[in-house]
Amino acid sequence: MAKQKLVMIGNGMAGVRTIEHLLKLAPDKYEITIFGSEPHPNYNRIMLSSVLAGGADMQDIIINGWDWYQEHGIQLLSGHTVTGIDTVNRQVISDRGAAATYDILIFATGSNPFMLPLPGADKEGVIAFRDIRDCEIMLQTSKQYKKAAVIGGGLLGLEAARGLLHLGMEVSVIHIGDYLMDRQLDRAAAGMLQEELEKQGMTFLLKKNTEAILGRKRVKELRFTDGTSLDADLVVMAVGIKPNVALAQSSGLAVNRGIVVDDYMQSSIPGIYALGECAEHRGIAYGLVAPLYEQGDVLAKRLAEVETIGYAGSVTSTKLKVSGVDVFSAGHFGDPEGSRSLRYQDELDGIYKKIVMKDNKLIGAVLFGDTSDGSRLFSIMKSGESIQGREKELLLGFAPGGSTVSAEQRLAELPEEEIICGCNGVSKGTIKDAVLNQGCTSAASVKACTKASASCGGCKPLVEGLVKLYAGDEAGTPVKEGICGCTTLNRDEIVAEITKMGLKSTKEVMNVLGWDHPEGCAKCRPSLNYYLGMLYPESYKDEKESRFTNERYHGNIQKDGTYSVVPRIYGGVTSPAELKKIAEVAERFDVPMVKITGGQRIDLLGVKKEDLPRMWEELDMPSGYAYGKALRTVKTCVGSTFCRFGTQDSIGMGVRLEKEFERLSTPAKVKLAVSGCPRNCAEATIKDFGVVAIDGGWELHVGGNGGVHVRATELLCVVKTEDEVVEWASAFLQYYREQAEWNERTSIWIGRVGLDHVKEALKDKEVRTALGERLKTAISTQKDPWKEILSEPELRKNFIRLTEAEPIQG
Ligand SMILES: Cc1cc2nc3c(=O)[nH]c(=O)nc-3n(C[C@H](O)[C@H](O)[C@H](O)COP(=O)(O)OP(=O)(O)OC[C@H]3O[C@@H](n4cnc5c(N)ncnc54)[C@H](O)[C@@H]3O)c2cc1C
Ligand SMILES: NC(=O)c1ccc[n+]([C@@H]2O[C@H](COP(=O)([O-])OP(=O)(O)OC[C@H]3O[C@@H](n4cnc5c(N)ncnc54)[C@H](O)[C@@H]3O)[C@@H](O)[C@H]2O)c1
Ligand code: SF4
Ligand code: FES
């Protein structure tokens, strides 16, 4: 039967979770197209707070990478905003002219941050906190400016403020109410929260109403209605959200605050559904993921034609994600009419608890300082059971400060239907089953199996506790984390087992070492492929299918599905003839953009997949590996050849290093630089291996990074000759190849093992020579990828565009 066409607008958390679920229930029923305004694959928006606060990297928050779409035959149009819908001919159209027809259309467009319409709100430096872009602006701004003002003392505002503090900014939170988190807390809990956050370094301006944002082009100052003002270089507005409904409204769907849906998430037009923050169900538009995922479950079942009861609405709970502060709030936390409440306040230990009851039922709770009873109280609240006679036990019985009941005992006593992970609706029973019956022996494998702790991460301690309870005790040993959810073995154990048993392929490793999932996952497959290649450089056949899209197509995939072409330009030195050739190729293939990169080479952007082979053929230059976990660039300054300060020939040194190490595959990308004197114009001290010329020699620096987490290099040693530079660089790179975890940059690796360890390992000349020999062997087995593709028709076939309907995310 022909597949039905399903189009989804919005590539965010609620929508893609629905598609994941649908693919499990009915993998072949739909041909799926997703439009997403953001130029990213589906990511965990919740974790943006952790990225800002230093607890996660951007790459950690990707839920489904580019490969996931491809594996499931989903056409993703990222960077495309749907601007029009023809509900008669059932077609959507994007701002970039892409069109798609549908049988089923899903709106999953989320919310827009509410931006106060203040004079000056359009100035540079005034942003919201909603997406990766906002997060990047904050990271960037913190490097240049000092004073941040966050408007709004709710969940989002406080998480933004905590992140900005972590980034070294002075942070003031401007709040309109007279106490913080007034939509989640009562006054007592809010007071304790404020005290704790002040200790962390935040400043609060309560009962303040902003009147104007001042400054020339960029914000300089905030002015309040009481006549006072505050200096600010950055303003983050976090004053709530509003469902993103403009497109639905103009397409004729019934809209109130959100897109009006029934219990099966169907809008007022048959065949068009809506879920997530953009939807309004029984008068409520939710702003937390747990209810949105419940909606997704119902919609996936409906679309898969699996019987389901409709969505009946959700009771919600929240936790503030600020380290060092535990805050939980659920239901009606104030004192609604006809309710009674119980409170416990311990100012010595900083603990506050309040439960609210009505008609003998628990209807709300606020916990500060000790939130360990949050999920239990929330379960009771959702069940609607009578708590008559148990009220005090509920407030004090589980875990008041100083309770003698151990955390483990409390976990053991929880009923199995107790929800442990609120975001993903995972119960204690489900986690127990994953551990006892599905071989999960770590929090990571439970996450992979059940999704528990996959969203805000707030429940991770409970999940870890349960894993310990069921697996740790049984095994009698502490549960440890493996390289991914498929195994409990870490990198060193895997490499040791591969070597000891002579395992030769990723499949063999997974089978012999008892992988939980026989096919592995997007994390372990490329790791194993790298370790095997590193251990057996001469005999191992690289498994292309275990590599990410960029490495499979030898080009960086761009947000619109096109690729980039970056030829190698040794040490950043080129010639008129080479430039002419690049220019001619760019013209012949209508390359939309030609850009000079930070690594001193030329990036041809916007290239169609099918043009890649012919362009490389005509360029006839080595690949720059700009897409790979490999040696990228060797940046050089002018050096003694032309610069009057130069003490050594940095260009010659850089070109020599690049020729020596080109094609080298490494655990993560590797960048080098050579500066001709300590003025360091090539920025060698933020590279993986940086060489700085001094009088009569060279300083060798290692472990630097100029990315999100900037890290300056550490000095490895000082040498006299160019040959010694090559000797040490070879030994260092090979030692890194042999010791680091896959995807671990040198900066992280050195941070983990310590520079002294590396110095000790490389101190003997014989060891350095042996490492250098092994590195040479590894490079000698590598062919230039484009030369190989051009000479093998089978490989070249991968670049033929088969049909117009082919997913663009190669
Ligand atoms: C920093 C931060 C921290 C948070 N922390 C928590 C937390 O701890 N717990 C919690 O429960 N919730 C939290 N939330 C809220 C949670 O992230 C949201 O409730 C959730 O992401 C909403 O999912 P959604 O799919 O409805 O919308 P989104 O995830 O916003 O996805 C909607 C997507 O649709 C795209 N889109 C919109 N219009 C179009 C169009 N016309 N064409 C194409 N694409 C379009 C948008 O660009 C967006 O990518 C947090 C939110 C933020 C910003
Ligand atoms: N940990 C979490 O669960 C978490 C974290 C971040 C965001 N979120 C979600 O993201 C969404 C947005 O969060 P939010 O904090 O912006 O919304 P919110 O509505 O919870 O809080 C906004 C706060 O801003 C205050 N405010 C309103 N107007 C103001 C003004 N003019 N000046 C100063 N303060 C003003 C309000 O009193 C309120 O406390 C919500 O749905 C929230 O649930 C959740
Ligand atoms: S690092 Fe020194 S030698 Fe190189 S360009 Fe700068 S000043 Fe000149
Ligand atoms: S409670 Fe948020 S991930 Fe489990």
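All values derive from a computational prediction rather than experimental measurement.

Asker: Would you explain the overall build of the chain in this entry?
Answerer: Tallying secondary structure elements over the chain gives 27 helices and 37 strands in all. Among the 810 residues that make up the chain, the fraction classed as buried is 52%. Here the analysis covers contacts within the chain between residues at least 6 apart in sequence; of these, 62% occur between residues at least 24 apart. With the model as given, the accessible surface of the chain reaches about 35,200 Å², and the carbon-plus-sulfur share is 50%.

Asker: Teacher, can you tell me more about the site of ligand 1 here?
Answerer: Near ligand 1 you find 33 residues, and of these Ala14, Glu38, Arg130, Glu277 and Lys321 are the closest. At a separation of 3.3 Å, a nitrogen atom of ligand 1 approaches a polar side-chain atom of Asn244. Here an oxygen atom of ligand 1 and a side-chain polar atom of Lys321 are 2.6 Å apart. For ligand 1, whose unbound accessible area comes to 990 Å², protein coverage reaches 91%. Going through the elements one at a time, helix H1 (13–25), strand E2 (30–36) and helix H8 (289–304) are the ones with two or more residues in the shell around ligand 1. Split into classes, the residues belonging to the shell around ligand 1 amount to 14 nonpolar, 14 polar and 5 charged.

Asker: Can you help me understand the nonpolar core in this one?
Answerer: Here is a general trend for soluble globular proteins: nonpolar side chains tend to be buried in one another's company. In this structure, Leu6, Val92 and Phe107 are the most contacted members of the largest nonpolar core, which totals 52 residues. Among the elements that line this core, the one with the most residues is H8, at 6 residues. Counting 46 residues, the second-largest nonpolar core is a separate cluster that includes Tyr43, Phe129, Leu158 and Ala189.

Asker: I'm lost on the UniProt feature "binding site: siroheme" (unreviewed entry) in the chain in this one. Help?
Answerer: Following the UniProt record, the feature "binding site: siroheme" (unreviewed entry) maps to Cys681 here. For Cys681, the location among the structural elements is in the loop between strand E34 (670–675) and strand E35 (689–694). Taking relative accessible area as the criterion, Cys681 reaches 60% and is therefore assigned exposed. Residues within four places of Cys681 in sequence aside, it is in contact with Cys637 and Ser675.

Asker: Please clarify how the sheet that holds E34 should be interpreted in this entry.
Answerer: Strand pairing within a sheet occurs via backbone hydrogen bonds; the two strands may be parallel or antiparallel. Pairing is mixed in the open sheet, where 5 strands are placed in the order E33-E34-E35-E36-E37. Sheet topology places strand E33 (631–636) and strand E37 (714–719) at the edges, where each strand pairs with a single neighbour. Looking at each pair of strands side by side, their axes are set apart by 15° on average, direction ignored. Pairing geometry for E33 and E34, over 4 bridges, is parallel. Residue pairing across strands places Val634 opposite Leu672, the latter belonging to E34. Packing of helix H21 (residues 650–661) onto the sheet brings it into contact with E33, E34, E35 and strand E36 (697–702), and relative to E33 it is tilted by some 170°.

Asker: Looking at this structure, I do not really get the sheet that holds strand E15 (residues 210–214). What am I missing?
Answerer: Read from one edge of the open sheet, 3 strands run E15-E16-E17, paired in antiparallel fashion. Both edges of this open sheet fall to E15 and strand E17 (229–231), since each of them pairs with a single strand only. For this sheet, the mean inter-axis angle between neighbouring strands, taken without regard to orientation, is 20°. Where E15 meets strand E16 (residues 221–224), 4 bridges bridge the pair, whose relative direction is antiparallel. From the neighbouring strand, Ala212 faces E16, where its bridge partner is Arg223.

Asker: When you look at the pairing of strand E6 (residues 82–86) in this model, what are you seeing that I'm missing?
Answerer: As defined by bridge partners, E6 adjoins strand E7 (residues 91–94) across 4 bridges and the pair is classed as antiparallel. Pairing of Asp86 across the sheet is with Gln91, part of E7. Two successive antiparallel strands, E6 and E7, enclose a turn made up of 4 residues, where Arg90 displays a positive phi of approximately 55°.

Asker: Where do I start with the state of the cysteines in this structure?
Answerer: The final tally for this structure, using the stated rule, is 0 disulfides. As a non-bridged cysteine, Cys486 has Cys484 as the owner of its nearest cysteine sulfur, 3.8 Å distant. Owing to a relative accessible area of 2%, Cys486 belongs among the buried residues under this scheme.

Asker: Can you help me understand the site of ligand 3 in this one?
Answerer: Around ligand 3, the structure places Cys637, Val638, Gly639, Cys643, Phe645, Gly646, Gly676, Cys677, Arg679, Asn680 and Cys681. Grouping the constituent residues of the shell around ligand 3 by class yields 6 nonpolar, 4 polar and 1 charged.

Asker: How should I be thinking about the environment of Gly482 in this particular structure?
Answerer: For Gly482, the position within the fold is in the loop between helix H14 (460–475) and helix H15 (491–501). Each C-alpha atom, one on Gly482 and one on Ser442, is 7.7 Å from the other, the two residues being 40 residues apart in sequence.

Asker: Help me out: how do you make sense of unusual backbone geometry in this one?
Answerer: Among all residues save glycine, negative phi is the norm, and among peptide bonds the norm is trans. A positive phi is found at Glu305, a non-glycine position, where the angle reads about 60°. Mapped onto the fold, Glu305 is located in the loop between H8 and strand E23 (317–319). Looking at Glu305, the relative accessible area reads 62%, which means it is exposed. Even without being glycine, Asn680 reaches a positive phi, approximately 60°. Turning to its location among the elements, Asn680 is positioned in the loop between E34 and E35.

Asker: Whenever I open this one, the pattern of salt bridges confuses me. Can you help?
Answerer: It is possible for side chains of opposite charge to pair when their charged atoms get near one another. Taken as a whole and assessed by the stated rule, the structure comprises 41 salt bridges. In this structure, the salt-bridge partner of Glu464 is Lys460, at a minimum N-O distance of 3.6 Å. In this pair, Glu464 and Lys460 both sit in helix H14, 4 residues apart, roughly one turn of the helix. Classification of Lys460 by relative accessible area gives partly exposed; the value is 36%. For Lys763, the salt bridge is made with Glu760, and the minimal N-O distance between the two is 2.8 Å. The exposure class assigned to Lys763 is partly exposed, which follows from its relative accessible area of 47%. Taken together, the shared-partner salt bridges connect Asp186, Asp335, Arg343 and Lys354 into one network.

Rules used throughout
- Residues numbered from 1 in each chain as written.
- Chains lettered and ligands numbered in written order.
- Predicted model: local features only at pLDDT ≥ 70, side-chain atom pairs only at ≥ 80, totals over all residues.
- Heavy atoms only, no water.
- Helix = DSSP H or I, 4+ residues; strand = E, 2+ residues; numbered from the N terminus.
- Buried < 20%, exposed > 50% of the residue type's maximum accessible area, 1.4 Å probe, protein only.
- Contact = heavy atoms within 4.5 Å.
- Areas by Shrake-Rupley, 256 points an atom, 1.4 Å probe, with all protein chains shown as cover.
- Near = heavy atom within 4 Å.
- Polar contact = N/O pair within 3.5 Å; in protein donor to acceptor, adjacent residues only side chain to side chain.
- Nonpolar A, V, L, I, M, F, W, Y, C, P; charged D, E, K, R; others polar.
- Core = buried A, V, L, I, M, F, W, Y, C linked by side-chain atoms within 4.5 Å.
- UniProt positions renumbered as here; feature names shortened; annotations may be inferred.
- Pairing = 2+ DSSP bridges.
- Axes fitted to C-alpha atoms, helices over the stretch in contact; angles between N-to-C directions.
- Disulfide = S-S within 2.5 Å.
- Salt bridge = Lys/Arg side-chain N within 4 Å of Asp/Glu carboxyl O.

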